[in-house]
Each structure stands twice: as C-alpha cells, then as structure tokens.
Amino acid sequence: MQEPILVLAEHLRGAIADITYEMLGVGRKLADDLKAPLYSVVFGKDIVPVASHMGIADSVFVLDHPQLDMPSPDVVAALLKTLIEQKNVSLVLIGGTNVSTGIGPKLSFRLNLPFVNFCRNIWVKDGSVGLTSQLFGGKILSDVRLPGNRGVVSVYPGSFPPDAGKSDRKASIEMLDLRVEESKIIFNKYIEPEAGDIDITKQDILVSVGRGIANADNIAMVEELANVLGGAVCASRPVIDQGWLPLSRQVGKSGMTVKPKLYLSLGVSGAPEHVEGMKDSGLIISINTDSSAPIFGVSHYGICADLFDILPTLIEEIKTHKSG
Amino acid sequence: MDIVVFLKMVPDVVEELVIGEDGKSLDTQSLRMRLSDPDEHALEEAVILKEKFGGTVAVVAMEAPEVEEVLFTARAKGADRAVKLPGDWTGIQAPAIAKLFASLFSSGSQQLTAHTLILLGSQAIDDLEGEVAPYLAEILGAPYLGVVTGIRLDEEKKKAIVMKEFAGGLRGEFELPLPAVLGIQAAEKPPRYIPVAKVRSIMKSARIETVEISPPEIVSGLPVDRLFMPEVAGKAEMLEGSAAEVSARMIEILAERGLIGR
Ligand SMILES: Cc1cc2nc3c(=O)[nH]c(=O)nc-3n(C[C@H](O)[C@H](O)[C@H](O)COP(=O)(O)OP(=O)(O)OC[C@H]3O[C@@H](n4cnc5c(N)ncnc54)[C@H](O)[C@@H]3O)c2cc1C
Ligand SMILES: Nc1ncnc2c1ncn2[C@@H]1O[C@H](COP(=O)(O)O)[C@@H](O)[C@H]1O
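Cut-offs and rules
- Residues numbered from 1 in each chain as written.
- Chains lettered and ligands numbered in written order.
- Predicted model: local features only at pLDDT ≥ 70, side-chain atom pairs only at ≥ 80, totals over all residues.
- Heavy atoms only, no water.
- Helix = DSSP H or I, 4+ residues; strand = E, 2+ residues; numbered from the N terminus.
- Buried < 20%, exposed > 50% of the residue type's maximum accessible area, 1.4 Å probe, protein only.
- Contact = heavy atoms within 4.5 Å.
- Areas by Shrake-Rupley, 256 points an atom, 1.4 Å probe, with all protein chains shown as cover.
- Lys, Arg positive; Asp, Glu negative; His and termini not counted.
- Charge placed at Lys NZ, Arg CZ, Asp CG, Glu CD.
- Patch = residues over 30% accessible without salt bridge, like charges linked within 9 Å, V, L, I, M, F, W, Y side chains within 5 Å.
- Salt bridge = Lys/Arg side-chain N within 4 Å of Asp/Glu carboxyl O.
- Near = heavy atom within 4 Å.
- Polar contact = N/O pair within 3.5 Å; in protein donor to acceptor, adjacent residues only side chain to side chain.
- Nonpolar A, V, L, I, M, F, W, Y, C, P; charged D, E, K, R; others polar.
- Buried area = accessible area lost by both parts, 1.4 Å probe.
- Pairing = 2+ DSSP bridges.
- Axes fitted to C-alpha atoms, helices over the stretch in contact; angles between N-to-C directions.
- Phe/Tyr/Trp six-rings, centres within 6.5 Å; stacked < 30°, edge-to-face > 60°.
- Lys NZ or Arg CZ within 6 Å of the ring centre and 35° of its normal.
- Parallel < 35°, antiparallel > 145°, perpendicular 65-115°, else oblique.
- Left-handed = near helix turned anticlockwise from the far one by under 90°.

Peer 1: So what's going on with the overall build of chain B? Which residues, and what values?
Peer 2: Per the secondary structure count, chain B includes six helices and 13 strands. Taking the principal axes of its C-alpha atoms as reference, chain B extends roughly 65 × 45 × 40 Å. Counting over 262 residues, chain B shows a buried share of 54%. Across chain B, contacts joining residues at least 24 apart in sequence account for 69% of those joining residues at least 6 apart. About 11,500 Å² of surface is accessible on chain B, with carbon and sulfur atoms providing 50% of the total. Charged side chains in chain B number 28 positive and 41 negative. The centres of these two groups are separated by 7 Å.

This is the structure:
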C-alpha cells in the first residue's frame, strides 16, 4: 500500500479548470494501480461548490478563507506543505498552468522532494512511478523515474482526458482548519482582455502565423490569404510579442483557445503552449520548412516547404477557383 | 533601483536536435545555442525600467558557449554591468543553479536591498526541473511571481506593481514589496534591435566582469531513463510537389469539406 496521492484543484473566478479533471482522472488510475488513496484539495474563497464536483477522489479537503481569493504561490505552498505532512502524502499533482506557476518548485524546495516539469504522461510499472516530460518546445520527450514514488509533478494541460476525472459520486468533503499566513503579495484586480477588432474564437477559418513569417511586412500577404478564404489572421506568441499583431489575436496557453473549421498554420513550430489553444480545430493544415516540427504531429495535412514559396501561388489559385 | 537579470543560453529548437549516444542527453556537438526567449524579454523590461525610473542594470550569466556575445549585446542595449560566472557547469540542475545565484548576493558582489529587483525568464524550455526563479526566491526569502508581462515601480513605498498572465487574455495586477524575484514572460514592448556595429564597438570599450563563486554541492537530478523523439509523422498526411500542385490539392481538400466556395 502506497502513501496517498494529492491533486491540487485549480479554479479561476469560481469555475473549476479542466486541468483539475485531467489530474483527477490520471490520479485515480495511479491511485488504483498503487493501491493508494486519492486526495484532492481546494483552496479558495466561497469555494465549497467547486469541491462538490470532485467525487472521484476518495477525500476532498477544502479550505475556505477570505484571504485565499487569489493566493500567492508562497501561501499555497505553505498550506500544501502542512497538509502533506499531516496526511502523509508522497506524490502531488499540480497544474502546469499560468495560474499555478511557482507553487510546485516552492513546495519541492520546502519538502526536499524532486520537482518534475512539463509532465505529459504518468504510469506505474512494477510498482514504480514513471513520468514522460516534454522538452524543447515538444521536440524531445524524456522518461524519468521518481525514487520512492515521491515527488511534486507539474502536469501539462491537455495531456490527459478531463472526462476520466469526472464522476457522479458524491464527494466526501472534509473542511480544513489551517492557519493562512499573511502574504507579502497583494492581489489588486483582474485586467480583462482588450476587445480586439475581431473575435478569433468566433471564426470558422483562421490563418495562423508564427515566427516563420520573419517580419511585420509579410503579414499583409497573410491577411490577403485570410481574405480570399473568408477568415481571419491569428498568431503564435512571438508574433504578438513583437507587436506585429494585437494581443487579441494570440492563440495558446496565455491567449485564446480556438476551434475553427479550418486552422491553416504558417511557420508555427507547434510548441505545447501553442497547441493547447488550437488542437481541437476541425481541420488543421500546416506549412513549415522543418519536417520534424511538432506542429505536424497535430495536423491533418502538412506541407514541408517555405511558406513564401507556397503563399503567392496559393492565393492566386484560390482566387481562380472562386471565380471559376 | 538595482536591477539584476539572469541570462540563460538554450539550444535553438529551430535546429535539428540529436540525442547523444547514451540515449539520455542531447548531443551537445550539434547544438546551436541562443539566449532563451523570455530572458531577452527580461533584459528588455530591465532596460525599460531603467529608462523610466533610473538606476542600474546588471546582467549575469554562467559560462557557456556564445555567452560573451550575449553579454556584450546586453551592454549595448543598456546594461551597466555584465557578469560571467566562470566554471564548467555541465550537468548542474535548477536547485544548484539557484544556490549559485543566491551566493552572488551573499558574497557581496550584488546588493540585496529594498532597491533590488531580480528578473529571470519565466521558464526555459530545456530542463525537467526548470524554474530557477522560485527556487532563488525561496533561498533569498523574497516574494516571487511568474508569467509577468509588465512592471511599474513605486520607489517611495519600495514595491513593484506587476502584471501576470492567466489565460484567455485575462491578466491580474499584483503588488510585491522589494526586493522581489520576478519570472518575466514578455516585456511590455518588443525587445529592441541592436545593430551588430554597436555590439562590436561595445566589445572594444566594455569589459565582462568575472565573479568566482565556489560551486554549490551538486545534487544529482532525477534518474533519466531515456530521451526520445515524439512520433511526429504519426498524424499529418504530407502533401508534396510544386507550389501549384500543393495549392491545387489544398483547394481540393477544402472544397470537399465545403470550406471554400466558388
Ligand atoms: C507560460 C507560457 C505561455 C505561453 N503562451 C503561449 C501562447 O499563448 N501562444 C503561443 O503561441 N505560444 C505561447 N508560448 C510560447 C511557446 O512556448 C513558443 O515559444 C511559441 O509558440 C513559438 O512560436 P512559433 O512557433 O511562432 O516560433 P518558433 O518556435 O520559433 O517556430 C517558428 C517555425 O517556423 C518555421 N519556419 C521558419 N521559416 C519558415 C518559412 N520561411 N516557411 C515555413 N516555415 C518556416 C520554423 O521551422 C519553425 O518551426 C508560451 C510560453 C510560456 C512559457
Ligand atoms: N544556467 C543558467 N544561467 C543563467 N540563468 C539561468 C540559468 N538557468 C536558469 N536561469 C534563469 O532562470 C530562468 C528560468 O530558467 P529555468 O528555471 O531553467 O526554466 C531563465 O530564464 C534564466 O533567467
């Protein structure tokens, strides 16, 4: 019998995040394989309704506290440490999201446990826990083992099916009474996304540009392609960070999640943070000069070519097709 | 304000990555190194802060191939000090790197006061146990936030007001007392471009300082069983031929699905 496994439930503005169900699903499987209990913990303010959805865990711990509205990584790490020591937990799953960044390393530092980042798969073999992590923007995978099945794991979003973590079972909730330390960090307010000229989440056709587009002037050609296709242009992060397109056009982890009927990507490598935001598109076609670009792993059709060689012809051919 | 920026070299992932003979590490011979993207933004943010609020910027890097060029470029962009930590750092992992950086402050080479702001990249793509920034914050006992995309300073109150990303374009504003450690995701403006000629001329006039720090005890990292390539070819059907052929085939595919009309 293995010591308990703990999932840190993630939520934002009162809504439970999908990553929580992903972790609960794989956590359940791990717990069953290792014959260990599965625990889940929710920290927040007015958070009990969220906890009731987590019946798949054997126990759900809840700490509802006014100071936990948007707790800093310090505060969460301190609470987790106390809980882990009280309940003898050996393995902790935390979301590899912007909301949870920093909690894992802080906890691993305080508990002197290994931290594993970018985790995409977890399994049990001969009683030992193995993990696959994704490195170098998805170009390399790495298998590691956790000595003694102990550690803090940051689970990459989109790695496990969220449905496996949902259950109709009534959650067995235990309210915690832990001291919440005063945080040095104060949360002031949310800053809402600026409304853009167009809403890329509502488009049927998106043409997406990545760093392969090389400079701002080349965007015009892509706008033309989007026009003839009746769609809009969106982009990967570097294009936005360069200021070539507004933030409202960013697809991915920090940007928008889109599900158009067609996602045509040009010079996008397909880093996990980008793929997170577009993998469920109806039809994905990608043009990239690098035959081993991870984007081809999530595309239906791929073209290994220089986008500048293809684009002018493609635009002309579409015009001809439409007028024909 | 004293701003310290840690700069890390990472393999350029646009190049082909080759797994070494041991099957557990990358073949370093074939790697081309470049400054980690978020670090370029951390440096930009530091220079923007210096321009707005005054003070100094120091950049710090561990010895690595091509690192001097990066340090000189940082000087050309506006950094006042460039520091290299000499040594053979192969195999050193995030917790030990954080200890090494912390000792830079305890050794007196860098001050740690209510005027110190420490910037790192939010996350580099190359290691399993990344996130040196939160480890460093733990050791220094300073507050930390990651995925930061904007900073304002309130020197009177000795605090930083920062913007952090969540998801879907939603961000949050936080206040941290100084000294603080921040993981920068993106600067508020795109990193500035510096002509090579300017870097060349800085190379003649400026100097890279070296600070000798005795290496921390190297704790071995997690046992890596193997590195391998994902099955990329698994899914996409590759279209081949001339631009015209490929375009014609694409139009066919779109037409079959009713995604393109006449
Ligand atoms: C916390 C966090 C949040 C993030 N959020 C996001 C996010 O929301 N969205 C996002 O996109 N990224 C995000 N990222 C960044 C992400 O990790 C990648 O760095 C980014 O997606 C890479 O963008 P890219 O594919 O355009 O550039 P690169 O990875 O540089 O790829 C460029 C590609 O273009 C190809 N290419 C070059 N020239 C040509 C040509 N002439 N023709 C055809 N192909 C060419 C190259 O082969 C390469 O594959 C985030 C990262 C972090 C750490
Ligand atoms: N070897 C290193 N040399 C210099 N800075 C580093 C090094 N490792 C990490 N850093 C800093 O810590 C940030 C996060 O890196 P990581 O923890 O590896 O994801 C980087 O963006 C750098 O700012």
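Structure's up, so let's keep going.
Peer 1: Talk me through a nonpolar patch on the surface; I want residue IDs and the actual numbers.
Peer 2: Taken together, the side chains of A:V48, A:I173 and A:M175 define a hydrophobic patch exposed on the protein surface, amounting to about 240 Å² of accessible area. With respect to the helices and strands, A:V48 occurs in helix α2 (residues 48-51).

Peer 1: Any chance you could break down the site of ligand 2 for me, citing the residues and the numbers?
Peer 2: Residues and elements named next belong to chain B. Lining the immediate surroundings of ligand 2 are 15 residues, of which F6, D39, A124, E131 and V132 lie closest. In this structure, an oxygen atom belonging to ligand 2 sits 2.7 Å away from a side-chain N or O atom of K8. Separating an oxygen atom of ligand 2 from a backbone N or O atom of G121 is a distance of 2.9 Å. Elements represented by at least two residues in the shell around ligand 2 include exactly β1 (2-7), α3 (94-106) and β6 (116-121). Here the residues of the shell around ligand 2 sort into eight nonpolar, three polar and four charged.

Peer 1: Can you explain the interface of chain A and chain B? Please cite residues and give values.
Peer 2: Listed per partner, the contact involves 85 residues of chain A and 79 residues of chain B. Taken together, the two surfaces of chain A and chain B that pack against each other cover about 7,500 Å², and 62% of this comes from carbon and sulfur. Together, A:F136, A:Y301 and A:H321 form the three largest contributors to the area buried by chain A at its contact with chain B, with a combined 10%. Between chain A and chain B we count eight salt bridges in total. In this assembly, chain A and chain B are joined by 32 residue pairs in polar contact (both at pLDDT 80 or more). For the side of chain A that touches chain B, the element with the highest residue contribution is helix α9 (residues 307-323) of chain A, accounting for eight residues. Grouping the constituent residues of the side of chain A that touches chain B by class yields 41 nonpolar, 24 polar and 20 charged. Pairing of strand β17 (residues 301-304) of chain A with strand β13 (residues 237-238) of chain B involves two bridges; the strand directions are parallel. Bridge pairing in β13(B) places A:Y301 opposite B:E237.

Peer 1: An account of the sheet that holds strand β7 (residues 144-154) of chain B is needed here, citing residue identities and associated values.
Peer 2: On the basis of which strands lie adjacent, the open sheet formed by ten strands has the order β12(A)-β9(B)-β8(B)-β7(B)-β10(B)-β6(B)-β1(B)-β4(B)-β5(B)-β11(B) and mixed pairing. With partners counted over all chains shown, the strands left at the sheet margins are β12 (186-191) of chain A together with β11 (209-210) of chain B, one partner each. Here helix α2 (residues 67-77) of chain B sits on the sheet in contact with β1, β4 (56-62) and β5 (81-85) of chain B, set at roughly 160° to β5(B).

Peer 1: Explain the pairing of strand β8 (residues 159-165) of chain B to me, and be specific about the residues and the numbers.
Peer 2: Residue and element names in this part refer to chain B. Of all the seven residues making up β8, six are buried; the element is thus mostly covered by neighbouring parts of the structure. Following β7, the chain reverses through four residues before pairing antiparallel with β8; K158 in that reversal takes a positive phi of roughly 55°. Where β8 lies against strand β9 (residues 171-177), seven bridges are found, and the strand directions are antiparallel. Along β9, the bridge assignment pairs V162 with F174. Counted along the chain from β8 to the antiparallel partner β9, the turn is five residues long, and its residue G168 has a positive phi close to 60°.

Peer 1: Tell me about the packing of aromatic side chains, and name the residues and values.
Peer 2: In total, this model carries eight aromatic pairs over all chains according to the counting rule given. Taking 6.4 Å as the distance between ring centres and 45° as the angle between the ring planes, the aromatic pair formed by A:F109 and B:Y135 counts as tilted. Taken together, the residues A:F109 in helix α4 (residues 103-111) and B:Y135 in helix α4 (residues 132-140) connect one chain to another. Aromatic pair A:F187 and B:F174: ring centres 5.1 Å apart, planes at 50°, arrangement tilted. In this pair, A:F187 sits in strand β12 while B:F174 sits in strand β9, so the two residues belong to two different chains. Here the two residues A:F187 and B:F174 agree in accessibility, since each one is buried. Grouping aromatic residues by their ring pairs yields a cluster made of A:F187, A:Y190, B:F166 and B:F174. Against the face of A:Y190 rests A:R13, its NZ or CZ located 4.1 Å from the ring centre. The positively charged end of A:K166 is found above the aromatic ring belonging to A:Y21, 5.0 Å away from the centroid.

Peer 1: Requested: an account of the sheet that holds strand β13 (residues 205-209) of chain A, with residues and values cited.
Peer 2: In spatial order, the strands read β14(A)-β13(A)-β15(A)-β16(A)-β17(A)-β13(B); together these six strands make up an open sheet with parallel pairing. For this open sheet the edge positions go to β14 (232-235) of chain A together with β13 of chain B, each flanked by a neighbour on one side alone. Helix α5 (residues 219-229) of chain A rests against β13, β14 and β15 (262-266) of chain A of the sheet, and its axis sits at about 165° to β13(A).

Peer 1: An account of the packing of α4(A) against α4(B) is needed here, citing residue identities and associated values.
Peer 2: Taken N-terminus to C-terminus, the directions of α4(A) and α4(B) make an angle of 45°; their axes are 8 Å apart at the nearest point. Relative to α4(B), α4(A) is oriented oblique. Judged by the twist between their axes, the crossing of α4(A) over α4(B) is right-handed. Contact with α4(A), carried on its side by A:P105, A:K106, A:S108, A:F109 and A:R110, involves B:P134, B:Y135, B:A137, B:E138 and B:I139 of α4(B) and no other residues of that element. A breakdown of the residues in the contact of α4(A) with α4(B) according to their chemical character gives six nonpolar, one polar and three charged.

Peer 1: Now, about the pattern of salt bridges: what can you tell me, with residues and values included?
Peer 2: Applying the stated rule across the entire model yields 45 salt bridges over all chains. A salt bridge links B:E40 to B:K77, with the shortest nitrogen-to-oxygen separation between them at 3.7 Å. A residue pair is termed long-range when its members are at least 10 positions apart, and B:E40 in helix α1 (residues 37-53) and B:K77 in helix α2 qualify at 37 residues. Two residues, B:E63 and B:K84, come together in a salt bridge whose shortest N-O distance is 4.0 Å. Taken as a pair, B:E63 in the loop between β4 and α2 and B:K84 in strand β5 lie far apart in primary sequence, 21 residues in all. According to the relative accessible area criterion, B:K84 is buried, its value standing at 10%. Overlapping salt bridges, with partners in common, bring together A:D74, A:K106, A:R110 and B:E138 in one network.

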